[in-house]
Amino acid sequence: MRFDVYSPLVLSLLLSALGPLIARRVAPALAVRVLTSAAVLTAAATTWSLILLATALLGDAPPVLREARENGRTVTDPVPEVIGLAACLALAAIALRVYRAVRTERCTRRTLRRLCAGHPADSELIVAASDVPQAFAIPGRPGRILVTSAMLSALDPAERRVLLAHERAHLAHRHGPLVTAATLAAAADPLLGPVRTAVGFLVERWADEQAATTVGDRRTAARALARAALTAGRARTACALHFTDRTVTRRIAALQTTPPPQLWPAAAAVLLLGALPTLLAADATSDLLGQLSGVPH
């Protein structure tokens, strides 16, 4: 147990280091799925390992340890007291972070749904009269696309098709739940923050590629992204199509080259990396149960 219970923390760092590399080299659709799955598995294993450490601190000493101490022998606990206490504090912090992440997600979705109130239930596209250029894909049944009049007026007809295809891709491929899963994983395991950032970037890249395929012209898709970024920059507001200064250049550049390959071996390696903490946490659980029952391991 001494090594296995701590291994998810080390593997979290490794996954975070690999996340940006996978984001650059692997096709966005595949990279999003494997990184999100690996992050969820790793976060679950990390949380469970902390629970094991806290349980070892809060529980009674195993019978085999009690008997050894009664016989006058010096035997160390399976988990040092300071580490068990740190695990308890970490679990409290994780619970608070996850609660805040869930509350923020629910608040955002309620706000977006309120913007759609009063519109027919079967209307996919909602145009809001606003001088702030923005566009959102609102998950739900049915999913909605909310676009402001300022954004539509800034784009020509071909670029509008790119915009709508981009937002439809978010809805069709359920990018919202994928980002939410990665966000909750990073809330449970802060070491996975870079993975959450990579997933957020990759879902936009995925939607970019889908939009380019739909309109049949990667140059037009790149031009639409650039136009939207410039329009939002002039308005000094959060950009439609989820632009940020750090990602807009990379997304436009990616559309001006050939799509990245699938690279299944790299994806399989990331999934294996995500499964490994779970296996090690299971082994640590077995060791701890054996120690608590007095069975030697």
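Scoring rules and cut-offs
Residues numbered from 1 in each chain as written. Predicted model: local features only at pLDDT ≥ 70, side-chain atom pairs only at ≥ 80, totals over all residues. Heavy atoms only, no water. Helix = DSSP H or I, 4+ residues; strand = E, 2+ residues; numbered from the N terminus. Buried < 20%, exposed > 50% of the residue type's maximum accessible area, 1.4 Å probe, protein only. Contact = heavy atoms within 4.5 Å. Areas by Shrake-Rupley, 256 points an atom, 1.4 Å probe, with all protein chains shown as cover. Pairing = 2+ DSSP bridges. Axes fitted to C-alpha atoms, helices over the stretch in contact; angles between N-to-C directions. pLDDT = per-residue confidence, 0-100. Expected span 1.5 Å × (residues − 1). Polar contact = N/O pair within 3.5 Å; in protein donor to acceptor, adjacent residues only side chain to side chain. Salt bridge = Lys/Arg side-chain N within 4 Å of Asp/Glu carboxyl O.

K.L.:
Talk me through the overall build of the chain; I want residue IDs and the actual numbers.
P.N.:
If you tally the helices and strands in the chain, you get 11 helices and 3 strands. Starting at the N terminus and ending at the C terminus, the chain contains elements arranged as α-α-α-α-β-β-β-α-α-α-α-α-α-α. Counting over 297 residues, the chain shows a buried share of 43%. Pairs at least 24 apart in sequence give 73% of the contacts found in the chain among residues at least 6 apart. Accessible surface for the chain amounts to roughly 15,500 Å². Of this, 62% is attributable to carbon and sulfur atoms.

K.L.:
Which residues make up the sheet that holds strand β2 (residues 135-138), and what values go with them?
P.N.:
With respect to topology, 3 strands assemble into an open sheet ordered β1-β3-β2, the strand pairing being mixed. The open sheet terminates on both sides in strands that have one partner only, identified here as β1 (125-128) and β2. Mean inter-strand twist for the sheet, computed between neighbouring axes without regard to direction, equals 20 degrees. Relative to strand β3 (residues 144-148), β2 runs antiparallel, the two being bridged by 4 bridges. Its bridge partner lying in β3, Phe136 is registered against Leu146.

K.L.:
Could you give me a rundown of the confidence of the model for the chain, with the residues and numbers involved?
P.N.:
Residues with a pLDDT of 70 or more make up 82% of the chain, whose mean pLDDT is 82. Considering each helix and strand of the chain separately, the mean pLDDT is smallest for helix α3 (residues 63-70), with a value of 46, and largest for helix α7 (residues 175-188), with 95. Across residues 60-66 the pLDDT falls below 50, and counting only partners more than four positions away or on other chains, this stretch makes 17 contacts in the model. Counting interchain partners and residues more than four positions distant, the pLDDT-below-50 stretch residues 72-76 has 7 contacts.

K.L.:
Tell me what's going on with helix α6 (residues 157-172), and back it up with residues and numbers.
P.N.:
With 16 residues, α6 extends 22 Å from end C-alpha to end C-alpha; this agrees with the ideal 22 Å at 1.5 Å per step. Turning to α6, its buried residues are Ala158, Glu159, Val162, Leu163, Leu164, Ala165, His166, Glu167, Ala169 and His170. The opening residue of α6, the one whose side-chain oxygen lies 3.1 Å from the backbone nitrogen of Ala158, is Asp156. Directly after α6, the chain includes Arg174, whose backbone phi takes a positive value near 55 degrees.

K.L.:
Now, about the pattern of salt bridges: what can you tell me, with residues and values included?
P.N.:
In the structure shown here, the tally under the stated rule is 9 salt bridges. Residue Arg223 pairs with Asp156 through a salt bridge whose shortest N-O separation is 3.9 Å. Taken together, the residues Arg223 in helix α9 (residues 218-235) and Asp156 in the loop between α5 (149-154) and α6 connect sequence positions 67 residues apart. A relative accessible area of 36% places Arg223 in the partly exposed class. The partly exposed category is assigned to Asp156, whose relative accessible area is 26%. Here Glu209 makes a salt bridge to Arg218, at a shortest N to O gap of 2.7 Å. Overall, Glu209 belongs to the buried group, its relative accessible area being 10%. One salt-bridge network, held together by shared partners, links Asp156, Glu159, Arg223 and Arg227.

K.L.:
Outline unusual backbone geometry, listing residues and values.
P.N.:
If you check the backbone angles, Arg174 has positive phi at about 55 degrees while not being a glycine. Positive phi outside glycine occurs at Leu263, with the angle close to 50 degrees. The residue Leu263 is located in the loop between α10 (248-255) and α11 (264-293) in this model. Leu263 sits in the partly exposed class, given a relative accessible area of 37%.

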